[in-house]
Amino acid sequence: MFLDMVLYFWIRLRYMSISSLLRLKVSTIQYERLGENSRTSTLRVSHTAWLFNGSHPMLPRLAQRVAQITGLHVYESFDDTMAGEGLQVLNYGIGGFYMAHMDLLFRNDPVKMKHCWPVLTNDTCERFVFLPGDRIATWMFYMSDVTAGGRTSFPNAGVSAPAVRGSAVFWYNTKLNGQPNHQSLHGGCPVLMGEKWVANKWIRENANFLRRPCTTDNDQ
Ligand SMILES: O=C(O)CCC(=O)C(=O)O
Ligand SMILES: [Fe+2]
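Because the structure is a prediction, the values reported are computed rather than measured. (Residues numbered from 1 in each chain as written. Chains lettered and ligands numbered in written order. Predicted model: local features only at pLDDT ≥ 70, side-chain atom pairs only at ≥ 80, totals over all residues.)

### Things to note about the overall build of the protein
Stage number 1. When you go through the protein residue by residue, the secondary structure sums to three helices and 13 strands.
Stage number 2. Counting across all 220 residues of the protein, residues that qualify as buried make up 32%. (Helix = DSSP H or I, 4+ residues; strand = E, 2+ residues; numbered from the N terminus. Buried ≥ 20, exposed ≤ 12 C-beta atoms within 10 Å, placed from the backbone.)

Put into structure tokens, the structure is as follows:
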């Protein structure tokens, strides 16, 4: 079954990199944005493209596979029912990297919260951040091998993953009590040789309240 999944991803990832080429933009970091214009980030060097389900029939199928494996809802929408975001494709050339960070939007922390004021209007912020809840989990596909460098490192957890085409990593960004999971701190190491393609599926909190029930236990 897993071989089947890997093959499935491998074939489709080829499509994703080709169609993303047309849409790539220099990556920015949401909380670095000022006013209307997003600044080019110093915390990551890469190009980004978003692929939404409507743009190809393969994308909802891929999302469905992620849902089957994780047991979480991942369906896209742009309102309170959003369970998963569109697929964010990243491309790194030689020297490309992403400093250690957490994928959380920090919905519960007004100081660290990304995406809202002064970046988004109150209405968009409400729809994108508050109603669907935070990014409880990340599914990341590796769409290319990297000849040297380019691992994803999790310094607090003491592990790292090599970029292997057709493979994927999955982790939780929040603990069961809704607080940040600091073990999820991660970054993309510099690409030394070759190029790196990854794609993120971010999975949201509120649509998954039955799939991943919360607890008031401070330790979980
Ligand atoms: O490129 C990587 O290995 C990590 C990418 C990442 O953390 C992100 O896009 O949020
Ligand atoms: Fe990340």
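Past the structure itself, the notes keep going.
### Topic: the site of ligand 1
Stage number 1. Leu-90, Tyr-98, Asp-103, Thr-152, His-186, Gly-188, Val-198 and Asn-200 make up every residue found near ligand 1.
Stage number 2. Put simply, the parts of the chain that give the shell around ligand 1 at least two residues each are strand S11 (186–188) and strand S13 (196–204).
Stage number 3. Counted by class, the shell around ligand 1 contains three nonpolar, four polar and one charged residues. (Near = placed C-beta within 6 Å. Nonpolar A, V, L, I, M, F, W, Y, C, P; charged D, E, K, R; others polar.)

### Topic: the nonpolar core
Stage number 1. If you look at the biggest cluster of nonpolar residues, it comprises 31 residues, and the most contacted ones within it are Val-89, Phe-141, Val-198, Ala-199 and Ile-203.
Stage number 2. Elements that contribute at least two residues to this core include exactly strand S3 (47–51), helix H2 (58–70), strand S4 (87–92), strand S6 (135–142) and S13.
Stage number 3. The dominant element in this core, judged by the number of residues it contributes, is S6, at six residues.
Stage number 4. For Ile-203, the residues in contact, after removing those within four places along its chain, are Leu-72, Val-74, Ala-83, Gly-84, Arg-135, Ile-136, Ala-137, Trp-139 and Asn-208. (Core = buried A, V, L, I, M, F, W, Y, C linked by C-beta atoms within 7 Å. Contact = placed C-beta atoms within 7 Å.)

### What to know about the environment of Phe-106
Stage number 1. Here Phe-106 lies in the loop between strand S5 (97–101) and helix H3 (122–130).
Stage number 2. Classification of Phe-106 as partly exposed rests on a count of 18 C-beta atoms within 10 Å.
Stage number 3. Each C-alpha atom, one on Phe-106 and one on Gly-133, is 9.4 Å from the other, the two residues being 27 residues apart in sequence.

### Observations regarding H2
Residue pairs spaced three or four apart in an α-helix point in one direction, given the helix's 3.6 residues per turn.
Stage number 1. If you check H2, its first and last C-alpha atoms are 19 Å apart, about what 13 residues at 1.5 Å a residue would give, namely 18 Å.
Stage number 2. Of the positions making up H2, those classed as buried are Leu-59, Leu-62, Ala-63 and Val-66. Looking straight down H2, one finds that the buried residues subtend no more than 100° of arc, so they occupy a single side. Seen from the buried face of H2, the exposed residues on the opposite side, beyond 90 degrees, are Arg-61, Gln-64 and Gln-68.
Stage number 3. Trailing H2 by a residue or two, Gly-71 shows a phi angle of about 75°, which is positive. (Expected span 1.5 Å × (residues − 1). Arc of directions from axis to C-beta.)

### Topic: the pairing of S13
Stage number 1. With eight of nine residues buried, S13 is to be regarded as a mostly interior element.
Stage number 2. In this sheet, S13 lies alongside S6 in antiparallel orientation, the contact comprising seven bridges. The residue of S13 that forms the bridge with Met-140 is Asn-200. (Pairing = 2+ DSSP bridges.)

### Describing the confidence of the model for the protein
Reading fine detail from the predicted coordinates is not recommended where pLDDT is low.
Stage number 1. In the predicted model, the protein carries a mean pLDDT of 84, and the fraction of residues at 70 or more is 77%.
Stage number 2. This model gives residues 29–37 a pLDDT under 50, and the stretch forms 16 contacts once residues within four places in sequence are excluded. (pLDDT = per-residue confidence, 0-100.)

### Some remarks on the pairing of S6
Stage number 1. Of all eight residues that make up S6, seven are buried, and the element is covered over most of its length.
Stage number 2. Strand direction decides the pairing type here: S6 and strand S10 (residues 168–172), joined by five bridges, are antiparallel. Each residue of the ladder has a partner; that of Phe-141, found in S10, is Ala-168.

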